[in-house]
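# Topology and contacts: notes
One-letter residues, chain by chain:
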Amino acid sequence: MQRTYEGSNGKTVVKLEDVELVFNSEIGTVTALAQVNLDIQEGEFICVMGPSGCGKSTLLNIISGFMQPTEGQALMDGKPIEGPDWHRGVVFQTPPLYPWLTIRDNVDFGLRMRNIPEKERKAITEEYLEIVGLKDFADRKPYELSGGMKQRASLAKVLVNEPSMILMDEPFGALDALTRDKMQALIRRIWMKNQSTVFFITHDVDEALSLATKVIVMSSRPGRIVKVLDTDFTYDMDGANSESARYSKQYMTMRESILNVINQKDELAV
Amino acid sequence: MQRTYEGSNGKTVVKLEDVELVFNSEIGTVTALAQVNLDIQEGEFICVMGPSGCGKSTLLNIISGFMQPTEGQALMDGKPIEGPDWHRGVVFQTPPLYPWLTIRDNVDFGLRMRNIPEKERKAITEEYLEIVGLKDFADRKPYELSGGMKQRASLAKVLVNEPSMILMDEPFGALDALTRDKMQALIRRIWMKNQSTVFFITHDVDEALSLATKVIVMSSRPGRIVKVLDTDFTYDMDGANSESARYSKQYMTMRESILNVINQKDELAV
Amino acid sequence: MKKADTLTSAALVSEQRIAGTAPKKRRKRIQPEKMITVGTVATILVLWYVVTALGLVNPILLPSPLAVWAAFTQILFNGYKGYSLLQHIGTSLWRLLSAFGLAVVVAIPLGLLSGFNSKIKAALDPIINFYRPLPPLAYYTLLVMALGIADASKVALLFLAAFAPIYVSCVSAVSKVNKDFINSAKTVGANKRQVFFHVILPSCLPDIMTSLRTALSVAYTTLVSAEMVAAMTGIGWLVLDASNYMRSDIVFVGIIIMGITGILLDRIIVIIQNKFVPWAGKY
Amino acid sequence: MKKADTLTSAALVSEQRIAGTAPKKRRKRIQPEKMITVGTVATILVLWYVVTALGLVNPILLPSPLAVWAAFTQILFNGYKGYSLLQHIGTSLWRLLSAFGLAVVVAIPLGLLSGFNSKIKAALDPIINFYRPLPPLAYYTLLVMALGIADASKVALLFLAAFAPIYVSCVSAVSKVNKDFINSAKTVGANKRQVFFHVILPSCLPDIMTSLRTALSVAYTTLVSAEMVAAMTGIGWLVLDASNYMRSDIVFVGIIIMGITGILLDRIIVIIQNKFVPWAGKY
Amino acid sequence: ATDSSTASATGDDLPEKVVIATLEMPNDEGIAKAEGYFEDEMGVPIEIVQFESGKAINQAMVSGAVDFGLTGSGSAVLGIASGIPIEMIWIHETLGSVEALAAKSELNATSLEDLKGKNIGVPFASTAHYSLLRAITASGFEESDFTLIDLQPSDIFAAWQRGDIDAAYIWEPTLSLLLEDGNIVLHSGDVAEMGFMTANVEIVRSEFGEKYPDLVAKYIASVDKAVTLYREDPDQAIAIIAEQLNITEESAKLQMEGQNWISAAEQLDAANLGTTDAVGSMATTMLDMGQFYLDQGNITELPSEDIFADGINTSFIEAYLDSKE
Ligand SMILES: Nc1ncnc2c1ncn2[C@@H]1O[C@H](COP(=O)(O)OP(=O)(O)OP(=O)(O)O)[C@@H](O)[C@H]1O
Ligand SMILES: Nc1ncnc2c1ncn2[C@@H]1O[C@H](COP(=O)(O)OP(=O)(O)OP(=O)(O)O)[C@@H](O)[C@H]1O
Ligand SMILES: NCCS(=O)(=O)O
Ligand SMILES: [Mg+2]
Ligand SMILES: [Mg+2]
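Reference entry: report on the structure contained in this document.

Each value, and the rule that gives it
Residues numbered from 1 in each chain as written. Chains lettered and ligands numbered in written order. Predicted model: local features only at pLDDT ≥ 70, side-chain atom pairs only at ≥ 80, totals over all residues. Heavy atoms only, no water. Donors = N, O, S within 2.8 Å, 3.2 Å for Na, K, Ca; no water. Helix = DSSP H or I, 4+ residues; strand = E, 2+ residues; numbered from the N terminus. Near = heavy atom within 4 Å. Polar contact = N/O pair within 3.5 Å; in protein donor to acceptor, adjacent residues only side chain to side chain. Nonpolar A, V, L, I, M, F, W, Y, C, P; charged D, E, K, R; others polar. Buried < 20%, exposed > 50% of the residue type's maximum accessible area, 1.4 Å probe, protein only. Contact = heavy atoms within 4.5 Å. Buried area = accessible area lost by both parts, 1.4 Å probe. Salt bridge = Lys/Arg side-chain N within 4 Å of Asp/Glu carboxyl O.

## Digging into the coordination of the magnesium ion (ligand 5)
Protein-derived coordination of the magnesium ion (ligand 5) comes from Ser57(B) (OG) and Gln93(B) (OE1), at a distance range of 1.9 to 2.5 Å. On the criterion of sequence distance, the pair formed by Ser57(B) in helix α1 (residues 56-64) and Gln93(B) in the loop between β6 (88-91) and α2 (103-113) is long-range, its members being 36 residues apart.

## Regarding the site of ligand 3
Residues and elements named next belong to chain E. Every residue lining ligand 3 is accounted for by Gly54, Gly72, Ser75, Glu99, Ser126 and Thr127. Between ligand 3 and Gly54 there is a distance of 3.5 Å, counted from an oxygen atom to a backbone nitrogen or oxygen. A distance of 3.4 Å is found between a nitrogen atom of ligand 3 and a side-chain nitrogen or oxygen belonging to Thr127. Split by residue class, the shell around ligand 3 holds no nonpolar, five polar and one charged.

## Focus: helix α11 (residues 235-244) of chain D
Across the 10 residues of α11(D), nine count as buried, placing the element largely inside the fold. When α11(D) is considered as a whole, its buried residues turn out to be Ile235(D), Gly236(D), Trp237(D), Leu238(D), Val239(D), Leu240(D), Asp241(D), Ala242(D) and Ser243(D). Against α6 (136-147) of chain C, α4 (85-116), α10 (223-226) and α12 (248-276) of chain D together with β2 (46-50) and α7 (153-162) of chain E lie the buried residues of α11(D). Looking at the residues trailing α11(D), positive phi occurs at Met246(D), about 60°.

## Some words on the arrangement of the chains
The top pair by number of contacts, from a total of eight pairs of chains in contact, is chains C and D. No interface is formed between chain A and chain E, the nearest pair of C-alpha atoms being 49 Å apart. Without any contact between them, chain B and chain E keep their closest C-alpha atoms 50 Å apart.

## A short note on the interface of chain D and chain C
Size of an interface: often given as the accessible area lost when the parts come together. Taken residue by residue, the interface counts 75 residues in chain D and 76 residues in chain C. For the chain D and chain C pair, buried surface summed over both sides reaches about 6400 Å², with 71% attributable to carbon and sulfur atoms. Applying the counting rule to chain D against chain C returns four salt bridges. The salt bridge partner of Lys176(D) is Asp207(C), with a shortest N-O separation of 2.3 Å. If you look at where chain D meets chain C, you find 16 residue pairs in polar contact (both at pLDDT 80 or more). Of all the elements, α12(D) adds the most residues to the side of chain D that touches chain C, at 10 residues. Class assignment of the residues belonging to the side of chain D that touches chain C gives a composition of 44 nonpolar, 21 polar and 10 charged.

## Description of the pattern of salt bridges
According to the stated counting rule, one finds 60 salt bridges over all chains in the structure shown. A salt bridge links Arg247(C) to Asp249(C); its shortest N-O distance comes to 3.1 Å. Look at Asp249(C) and you get buried, because its relative accessible area is 16%. Between Arg162(E) and Asp164(E) there is a salt bridge; the shortest N-O distance is 3.0 Å. Accessibility expressed as a relative area gives 17% for Asp164(E), which makes it buried.

This is how it looks when you write it as structure tokens:
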């Protein structure tokens, strides 16, 4: 399965060393992550899968700098991650759009903060509003949008910045199939064009396989990385032969093996 | 495709007549729904699909009684729907769990409001906490849960009431495949056991086909019902031959036809 | 099915504030609330009239509405102690509003900064928490000593009264800001200053507006104390002076003027709030 | 990697209030904030000492810290005008806290109901908006007339002062309640009353607690006015009386006692808040 | 009225308690209060309630919450003119040098003339305010020749220190503080000589006076006892006042000497309250004050001359003096 990725140049961007994260509350602790070791290389597209509550979002929070590990360390370019910055753009599980700004101004926000010249800003913003299909809703407020529209808006809000690393937490969960396909194509295109590094949480194994260069499967409580698989279907998905790739033997085998790992580790009732 | 459903007895529970819903805001109106006519019969399992922002949630809001149509009317048992009540349980797109209550108390909430005796309440609550896999987190607060865990908690919160009609807005969007399967099985079992009526919004055509007795496809702006399909795969999914049903010729044809309807109607860029 | 009749949900929901009480279709535009308000006012006026007409209370303590009206017209045409009624009202409003404006300009940034930065909070809190409960009458002399007997000390007193509620609300509002809002801003490139101005500030605006209403009324309640010292004009001084001479008819004129101007100023804040913070309570 | 050193994220985040400023690992438990607070207080005391020691201001207006201390011990041991210091403080706190308690009990339900039901709001608003800006000194006479010269009128004055901030905040808090919370409660079987008690009330608690802090301090600032009529005890009266005799050393003792008790009462509310409303700002 | 003491001995028609409203002053009532004369004399529970101004006492009278009240003569005039059912029964003290117009030393002011165009602080609506205004008009000036500023005592001192005011008409103990770098231009004793006497007086609720005349007579007995004490043993009286007001004995002495206490017998002099049959000059003084308030626009109409004569009731003093004999 191993192969050299056109996207990855072998340089480690993010390194997690023995990361542990324990949440404390009145009624006891929860170990959300334990002994997590991970190297993310420049240009990689990592998809993270795992049962509900296994620590995916927590892992993303650590890489983005929102949380600090309680043990071990998280490094970016060799230096500890101290806090969030715009080089690591984050698409949240619940989209935090500002209710006091229109959708346009929400999308435009990052550019404005970074003092991009007005004209350039306008062009980029309009482009992305168009891409995510919210041109008609640009002047509305977030609370006037449907769930899926909010998700798309918050995607655009991050993408306008063209961050070198994009972290996404189930970004397409509330989208219909077609829109979802389009958004997947969009993110793949951006990833390829900008040579950016992507860390992408999803519950959809097909989504993971059609985007990732590496799939990480986690187990729950404590959250650990139990399987790392390298894949390259994303290059085929991009082209005309996407359907054939999706139903290839190789694809089916890998799909099966991922699902098995996830399913084994889960101890839900019913 | 027509056939008599074991679940449905032909009695109309909810009737929508020429329903229109227009949102007004400073910068102009949005017609979220136009000319929607729909009969929901007792025991039906309706799955609603459609592109992002087409008015699915709005339709659910009208049936649940959160909103009143601006034109036309929404009737339940022949009487206009005036407001929400517990006979129509609603699982929201974003789970509104009360941060001041533990997960257990959140789940227990409806039973407590309805003055169910303490002992009975306790039994039901614990049962459902077990079913959705949150027993270990029963004493925690909602903000200590992951996205998927919140979704499960809010599912349990509604199901404990065993409402005669259940309205669900993308309830399994943030769940991993296995958990999702289990939750689907759960909701199917409850639907069969209680002979309840279900109105279920989803973006996943497989989910729709594996649960519905009727699939409704909507188009966007203004939201209209463009296609109504009767299905019965759900009865097969319940048994041992679920995999064979999923890959049957019939299934694939219907899947294709639904996707075609949705995709045609969408005018997203990219 | 006429269009003019059709009230849209969004408009109605924001009018009713609670979406749960869903809008009724084709509801008439007559607002029962307005009627009730008028009813309350009318009831009070009638009660007042009846109580005084029946002589149930001594008119020195509670003058009749007619006597108050007479006093009002008298003051309106002849002024009070050398100044016209408008001058009295004007000076008071000037003192009040300049103090309030100053408080807004100082307390909002300080309060937000305190909420934002625990070091700043640690430095300011002891001072603010200490003076906050102090009755103005207890420290007025110190203000006079520092600022003299002209308007400066009066404005300072009103300023201090308005400052605390705004400051406290700002600190608490910052602590309630959605953490994701802040994190999200940082990940798209906002620096600390920008987070402050573009996220914290607007997030806190709904709470700030509520605190401004409280602050304005708290400052207003301090008006008589403020105009107790070295004033020759001002509606607070008018009330004080009239009460010294047992002129309760004039005292009532003053009270009613203060009540009504207070309501008007409050209305203005509410209007500003509805205009500039339309998202309050929306998600 | 010792366990004792390991501070968990959750605990730290709530300590710092803003999650964006992420917790530093292995941070020492010394709180620079405490030091800064002590520093502020120390600076003020030193400044006060220096200013008085250099004779920059008249000691009758601004007595030296030592003189104030002397006055304090003198009052502590001998009382003031026939009552011990504890009696003065005690009566004032009794008046203040019973008024405040009454305001809490009355204003919270009324405010929440007003926010919940626009008809109730329409009936109450004119009364509350009218009296809200009125200076207590302007209407105290009416209270005395209605309630006599004993504690009732004093408590009523303090009650009115505390009532308005709580009421206004409650109304505004209700309008900010997440509509989904209400809808969700209804769909699981809650009736109106239950929605009110089980959803509206807890949703509003964080804002209510903030308003209690404001209300308590506003009531406290009214203490001198309240104890101006027919009082022989009370820390407010003590200050007033001492100031009539130009005993600014005693005035300062009174001011400092009011400031400190004010801070203590405020602390108590904050502690209750942290204990009973731990979810404030969490989603 | 002579045998009213026997009537009260039945006990039945005694009030549950007697409420005396007071302003804290270095006067006879202060001594009576401190020494418990009221309890001793009246034989009913006494509640002493302290007020900050005569105005509030008037209001308390209206509501019936108090029976006796100590106010400035100005407040008494306003109360009676407003129709509050009260009667003046006693003059505690007439004001002399205890209230005075002090001017900054550097002005070297010896008369009002020297203060023309200057800022003068005075608590409005007080006895001092009345005296100042009277002095101004009696000296042939207009009020507008000076800038009068409404200030409370402690603020007067602060404003004086800052130089915001050049002079102040104020009472003790503030007055002494001003005199450290100021001098007296004129005092209330001087103004009284111009014909405008000011005093602190006792009023009683008319209804109470009618119902319990003997209790009122016993009130008189109590304060008269205090006057007697002061006359016979001034040092002790000064000590009592000093202790009660929490001031030094020097200060107490200074203040007490700046005013004039009047015994029961002297109250009946024509220069004071007069008698039931021959109204004293207090009635004229009150009428004059009323006229003044009318001119100032503080009252809307001047009541008939009689109302002030009727507002003075000396029968209680007479009864007391009778019973003493
Ligand atoms: N409060 C509102 N004010 C104005 N417009 C609104 C409001 N809520 C929804 N809309 C508009 O109504 C339309 C339908 O929204 P709705 O939420 O029903 O979509 P949906 O089908 O549920 O979409 P999704 O799958 O993305 O959740 C959208 O165009 C949306 O912008
Ligand atoms: N603030 C918090 N306090 C306490 N425990 C928390 C907190 N946030 C998360 N957890 C716990 O940490 C574990 C991991 O949560 P996380 O959100 O990372 O899961 P996830 O993998 O993203 O799940 P999902 O797919 O459902 O979103 C869960 O057991 C959760 O209960
Ligand atoms: N000595 C002032 C007394 S009074 O005029 O304020 O009543
Ligand atoms: Mg998650
Ligand atoms: Mg939706």
